[in-house]
Amino acid sequence: MSRARQPPLVTGISPKEGAAWTKVTIRGENLGTGPADLIGLSICGHNCLLTAEWMSASKIVCRVGPAKDDKGEIIVTTKSGGLGTSTVSFKLLRPERIGILDQSAVWVDEMNYYDMRTDRNKGISPLSLRPSNPLGIDIDKGKIPQKDMELTFPGMSGDFTSENFSATWYLIDNHAGTSFEQLKLAASNLKKQATKKNEGSLAYVKGGLSTFFEAQDALAAIHQRLESDGTERVEGSMTQRLENILNRASDTADTLFQEVLGRKDKADSTRNALNVLQRFKFLFNLPLNIERNIQKGDYDVVINDYEKAKSLFGNTEVPVFKKVYAEVETRIRSLRSLLLEKLLQTPSTLHDQKRYIRYLSDLHAPGDPAWQCIYAQHKWILQLMQNCRDEFISGQRVGVGVLDQEGDTRPSALGRLSHTASLKRGGSLRTQRPSTWRFETPQQVQFVEKLSDVVIGQLPNFWKLWISYVNGSLFSETGEKSGQVEKSKKNARQRQNDFKKMIEELTHRLVRLVRGALLPTTLPQGELNLYGGWENKTELTGAWLTQIIHIVRGCHEALSALEIPNDLLQVIQDLLLELRVHCLMVTLLHTTEDVKRLAEKEDWVVDNEGITSLPSQFEQCVVQMLQSLKEPLEIKPGEINVLQLDQVQDQASELSVSIMKVFINCLEQLSTKTDGEINTSHNISVELSSPDRFTNIQEGFSPTSEQRLLIILSNCQYLERRTFLNLADHFEKHGFTGTEKITRVSVDAVRELDRKLFDAYIERRADPIAGSLEPGIYAGYFDWRDCQTPTGVRNYLKEALVNIITVHAEVFTVSKDLVPRVLSKIIESVADEMCRLMQCVSSFSKNGALQARLELCALRDAIATYLNAESNGSFKLALDALPQLHNGADKKLLEEQLNKFKSSMQLQLTCFQPSSVQPVKR
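The structure displayed is predicted, hence computed values, not measured ones.

Novice: Describe in detail the overall build of the protein, supporting the description with residues and values.
Specialist: When its secondary structure is counted, the protein shows 29 helices and 13 strands. The burial tally for the protein puts 41% of its 922 residues in the buried class. Looking at the protein alone, contacts between residues at least 24 apart form 74% of all its contacts between residues at least 6 apart. For the protein, the exposed area adds up to about 51600 Å²; of that, 52% sits on carbon and sulfur atoms.

Novice: Describe the pattern of salt bridges, listing the residues and the values that go with them.
Specialist: Pairing between side chains becomes possible if they bear opposite charge and their charged atoms approach one another. In the structure shown here, the tally under the stated rule is 31 salt bridges. A salt bridge links Glu639 to Arg580, with the nearest nitrogen and oxygen atoms 3.4 Å apart. With Glu639 in the loop between α19 (630-633) and α20 (646-671) and Arg580 in helix α17 (residues 566-596), this pair connects stretches of sequence that are 59 residues apart. One exposure class covers both Glu639 and Arg580, and it is buried.

Novice: Could you give an account of empty space enclosed by the protein, with specific residues and numbers?
Specialist: Taken as a whole and judged by the stated rule, the model has four cavities of 30 Å³ or more. In this model, the largest cavity occupies a volume close to 60 Å³. Contributing to the lining of the largest cavity are Val448, Leu451, Ser452, Leu510, Val514, Ile551, Val552, Cys555 and Ile572. Looking at the lining of the largest cavity, the elements that each hand over two or more residues are α11 (443-471), α14 (496-518) and α16 (542-560).

Novice: Could you give me a rundown of the packing of aromatic side chains, with the residues and numbers involved?
Specialist: Within this structure, the stated rule accounts for 11 aromatic pairs. Arranged with centres 6.3 Å apart and planes meeting at 65°, the rings of Trp371 and Trp466 form a pair that is edge-to-face. Here Trp371, found in helix α9 (residues 369-393), pairs with Trp466, found in helix α11; they are 95 residues apart in sequence, far enough to count as distant. Across the pair, Trp466 and Trp371 agree in class, each one buried. For the cation-ring pair, Arg794 lies above Phe782, with the distance from its terminal atom to the ring centre recorded as 3.9 Å. Its end group placed over the ring of Phe758, Arg821 keeps NZ or CZ at 4.0 Å from the ring centre.

Novice: Report on the pairing of strand β1 (residues 9-14), specifying residues and quantitative values.
Specialist: Consecutive residues of a regular strand have side chains that alternate between opposite faces of the sheet. Of the pairings in the sheet, the one linking β1 to strand β3 (residues 23-29) comprises five bridges and is antiparallel in character. Within β3, the residue paired with Gly12 across the bridge is Arg27.

Novice: A description of the nonpolar core should follow, citing residues and the corresponding values.
Specialist: Ranked by size, the top nonpolar core spans 192 residues in total, and within it Leu518, Leu584, Phe618, Val822, Met838 and Phe912 carry the most contacts. The biggest single contributor to this core is α17, with 14 residues. If we ignore the near neighbours within four places in the chain, the residues touching Phe912 are Leu801, Ile804, Ile805, Leu823, Ala862, Ile863, Thr865 and Tyr866. By size, the runner-up hydrophobic cluster in this structure holds 21 residues, among which are Ile26, Cys44, Val64 and Phe90.

Novice: Please set out the confidence of the model for the protein residue by residue, giving values where relevant.
Specialist: The predicted model of the protein averages 77 in pLDDT, with 82% of residues at 70 or higher. Under a pLDDT of 50 for its full length, residues 398-439 has, in the predicted model, 60 contacts with residues more than four places off or in other chains. Counting interchain partners and residues more than four positions distant, the pLDDT-below-50 stretch residues 678-701 has 53 contacts.

Novice: Break down the state of the cysteines for me, with residues and values.
Specialist: Counted under the stated rule, the structure contains zero disulfides. In this structure Cys835 is not part of a disulfide, and its nearest cysteine sulfur, from Cys840, lies 9.1 Å away.

Novice: How would you sum up the environment of Pro632? Please name residues and give values.
Specialist: As for its position among the elements, Pro632 is in helix α19. Expressed as a C-alpha distance, the spacing of Pro632 and Leu579, which sit 53 residues apart in the sequence, is 8.4 Å.

Novice: Lay out the sheet that holds strand β7 (residues 59-63) in plain terms, naming residues and giving numbers.
Specialist: Pairing within the open sheet is mixed, and its five strands lie in the order β6-β7-β3-β1-β10. Looking at which strands have only one partner, the edges of the open sheet turn out to be β6 (53-56) and β10 (85-86). Strand direction decides the pairing type here: β6 and β7, joined by three bridges, are antiparallel. Looking at the pairing, Ser56 lines up with Lys59 of β7.

Novice: Account for the packing of α11 against α16, naming residues and giving values.
Specialist: At a minimum axis separation of 10 Å, α11 and α16 run at an interaxial angle of 5°. On the basis of their axis angle, the class for α11 and α16 is roughly parallel. The residues of α16 that touch α11, namely those facing Val445, Val448, Glu449, Ser452, Val455, Ile456 and Leu459, are Trp544, Ile548, Ile551, Val552, Gly554, Cys555, Ala558 and Leu559. A per-class count over the contact of α11 with α16 returns 12 nonpolar, two polar and one charged.

Novice: Go over unusual backbone geometry with me, naming the residues and quoting the values.
Specialist: Cis geometry marks the peptide bond from Ser14 to Pro15; its omega dihedral reads -5°. Looking at the secondary structure, you find Pro15 in the loop between β1 and β2 (17-18). Backbone geometry places Cys44, a non-glycine residue, at a positive phi of 55°. Looking at the secondary structure, you find Cys44 in the loop between β4 (38-43) and β5 (46-47). Given a relative accessible area of 3%, Cys44 falls into the buried group. The backbone of His364 sits at a positive phi, close to 55°, despite the residue not being glycine. By the secondary structure assignment, His364 is in the loop between α8 (350-362) and α9.

Novice: Provide a residue-level description of a nonpolar patch on the surface, including the pertinent values.
Specialist: A contiguous nonpolar surface patch, about 420 Å² in accessible area, is contributed by Leu256, Phe257, Val260 and Leu261. In this structure, Leu261 sits in helix α5 (residues 238-296).

Novice: So what about the pairing of strand β8 (residues 71-78)? Which residues, and what values?
Specialist: Burial of β8 is extensive: six of the eight residues sit out of reach of the surface. In this structure, β4 lies alongside β8, joined through five bridges in antiparallel fashion. Within β8, the position partnered with Leu41 by the bridge is Val76. Taken together, the three bridges between β8 and strand β11 (residues 89-92) define a ladder with antiparallel strand orientation. Each residue of the ladder has a partner; that of Glu73, found in β11, is Ser89. Across two bridges, the pairing between β8 and strand β9 (residues 82-83) is antiparallel. Pairing of Thr77 across the sheet is with Leu83, part of β9. Taken together, β8 and the strand that follows it, β9, pair antiparallel across an intervening segment of three residues.

Novice: For the side chain of Asn189, give the residues involved together with the corresponding values.
Specialist: Looking at where Asn189 falls in the secondary structure, it is placed in helix α3 (residues 180-207). Those residues in contact with Asn189 that lie beyond four places of it in its chain are Leu135, Gly136 and Ile137.

Novice: An account of the packing of helix α25 (residues 819-840) against helix α27 (residues 869-880) is needed here, citing residue identities and associated values.
Specialist: The interhelical angle for the contact between α25 and α27, taken along N-to-C directions, is 20°, at an axis separation of 8 Å. It follows that α25 is roughly parallel to α27 by the angle criterion. For the element pair α25 and α27, the recorded crossing hand is left-handed. Here α25 contributes Ile827, Glu828, Ala831, Asp832, Met834, Cys835, Met838 and Gln839 to the contact with α27, which in turn contributes Glu870, Ser871, Ser874, Phe875, Leu877 and Ala878. Class assignment for the residues of the contact of α25 with α27 results in eight nonpolar, three polar and three charged.

Novice: Tell me about the side chain of Thr546, and name the residues and values.
Specialist: Along the chain, Thr546 falls in helix α16. Other than its neighbours up to four places away in sequence, Thr546 contacts Cys583, Ser628, Glu631 and Pro632.

Parameters and conventions
Residues numbered from 1 in each chain as written. Predicted model: local features only at pLDDT ≥ 70, side-chain atom pairs only at ≥ 80, totals over all residues. Heavy atoms only, no water. Helix = DSSP H or I, 4+ residues; strand = E, 2+ residues; numbered from the N terminus. Buried < 20%, exposed > 50% of the residue type's maximum accessible area, 1.4 Å probe, protein only. Contact = heavy atoms within 4.5 Å. Areas by Shrake-Rupley, 256 points an atom, 1.4 Å probe, with all protein chains shown as cover. Salt bridge = Lys/Arg side-chain N within 4 Å of Asp/Glu carboxyl O. 1 Å grid on protein atoms, 1.4 Å probe; cavity = no way out; pocket = protein on both sides within 12 Å on 5 of 7 lines; lining within 4 Å. Points joined across faces, edges and corners; volume = space filled by probe spheres on them. Phe/Tyr/Trp six-rings, centres within 6.5 Å; stacked < 30°, edge-to-face > 60°. Lys NZ or Arg CZ within 6 Å of the ring centre and 35° of its normal. Pairing = 2+ DSSP bridges. Core = buried A, V, L, I, M, F, W, Y, C linked by side-chain atoms within 4.5 Å. pLDDT = per-residue confidence, 0-100. Disulfide = S-S within 2.5 Å. Axes fitted to C-alpha atoms, helices over the stretch in contact; angles between N-to-C directions. Parallel < 35°, antiparallel > 145°, perpendicular 65-115°, else oblique. Nonpolar A, V, L, I, M, F, W, Y, C, P; charged D, E, K, R; others polar. Patch = residues over 30% accessible without salt bridge, like charges linked within 9 Å, V, L, I, M, F, W, Y side chains within 5 Å. Left-handed = near helix turned anticlockwise from the far one by under 90°.

This is the structure:
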């Protein structure tokens, strides 16, 4: 026999026990080939086929019926296998009968049923099981981002419980890598589930048929009984018996509760009498209680008692009650006056103000206490600001330590800034500041700080008080019940323009006071008496102005954070713009003065490049100036770039050019100082590759006027080559415009100074050397037409070379880079003079021509390194003026004498040779 035809065998049931209509799962073997093959199912002898749901050949789900046996087997019958057997049993539990008032616990068994599409709007219990995998195959999550899916399927969803369910989205999201065979299997599973759903609904109906039949039988029996008795009230009929039963039940209930209700009525009567007595006692003691609670500050208790008395006796006609209540009203009027006085006192906290306003509102005070408080606060803040200015003008405030409104002494952070600012300007930490350094803060800075403290400390609470007034949050619950909130909102709407004028007056007062202290020229003449008076105070530097800008910005940010409209704060923005421009101009002007004083710091000590510390100090001064302008030029939200304003651009550019020109003038002044004006405490440092090369130059001598010219020439070249270019980069980084103009004008000015100084030095050094040539040539009545055979270079030429070597040494001690430029010009002058002298000779003898050629060649060869086109041309013209040498002996003699000269002057002429030896670094 095949496996499909073997009899069914039940091997398990879950649960193994339960009451009637418990849902069970039966497991076993050969339980049928399909729902149609199942023809019988009994549990404990009760037929359960109507509720059976065939799941597979090894699983059946059904409900246990109300069987007669408490325990029995599970028998399955199929067409293909016949009557089956069971290896397990089921125990049927009998429920106990309970009355209508007994407590019981009920387990609600819910069906595993959920329709995704058609039944989604039905009332499904949260305990219902929703299929986590409706396709019944393995889930393979895709890697496509959720955002991309939403863009591809707009308005759809991959959730199968959603109204906008998209099957394509679900498949891409959960089965992106699933094979086609698996998808076919999933389609088959969906068909099976649909079939099971239809069969499950039918099974549900089948399972409840017995209940329906029992209910119908009971109703039918009652109907037949009533029909047989008739509908008339005949003695002994069912209707009459029911009426009698109900009447007896009503009489019994009345008997049971009559005594209880009687006791309740007596208790209510007693309680009402006591309440009346208590009400009278409360009224008689109320005036004294009000007085005591006012002294203790328990205003809430007073208000509650007053409201209670008013509700009880406000409209009484009893004379004694009216008299006592009138005394209560007198005490309440005194309390209103006291609370209003406390409300208008200054200073006071926002919490206290709100508290007093609520008290007055609950006491139904006449007028508008909230607006009275706002008006008083406005006047008080204005007076605080004006008093702050008057204190500084009258000289009562001289220190940085200030006394705040709560009485705490605190050192201002601005005092510490003076130390920081001095360090930025080149100060040193080596010298300790005196203990009173904090009191060096200028009065204007202290004033602006104190004024800002007043505004930031008081205006936020003032604004919050107005906001509470507008939204009605000033009033308590009683205020809301009595319509105080709506009344407050209505009053606030009517007074919006008045409050706006108050804020404008406060901000304008702040701006005018700051202008009077820092920008008095921007105030009308009529307001100077009220806000000015700072003429005798210290003029502020750029660092202090920067700090003031920081303070005003902080004040503006604090007010903006309160969400005060921008149009009310625009005057502060305008003030900040003018302060930033003023700070920029003052800083540039003060830097000009600082640069003028740099000449006093010249120590004439040169480095290996021949540069003193002056250019570096100048560059550092300008860079520090630009760094100090970083905060004023910074563009905060709502501000504009001051360097984009045409007028500011032009002024800043002109002042920057002025700074450059002032420094160049300092250099020119240093070059024209006489020896008596030089500070002899500073010495020039001589740096040579060999300290013993020139014995006449030693450490510790004061610079001569010629040496000063060379040092300043070296500084000029450094300015043009590096300093001005570096400064141009710094100007551009800090947002300055017109840097090309600044650089161009500066370079032109330094080049002009360089030309003047160079010409002055050449004139001082070249003229004496060139002037000594003619007397030296004709010394001892020398005559070119009558001279002996040359025996060597004459002394005048050697002296000229020594003078040139001296100039070389002088220039080399300052700057090696200047040597070619200076010597080329001096040699050009010497060559030009030699050419003139040779051309002036009318005739040469043979020996005279040979002597002249020897000296010209010796001079030319010795200084060949520094010859230029002009000097070469002069030597060529001089040699062309001499008779040519045709005799070999003369040429040989010339060569021998030249070699002899070079050999004897080798040490002296070494300086004219190219050398890789660098000056010794210290």
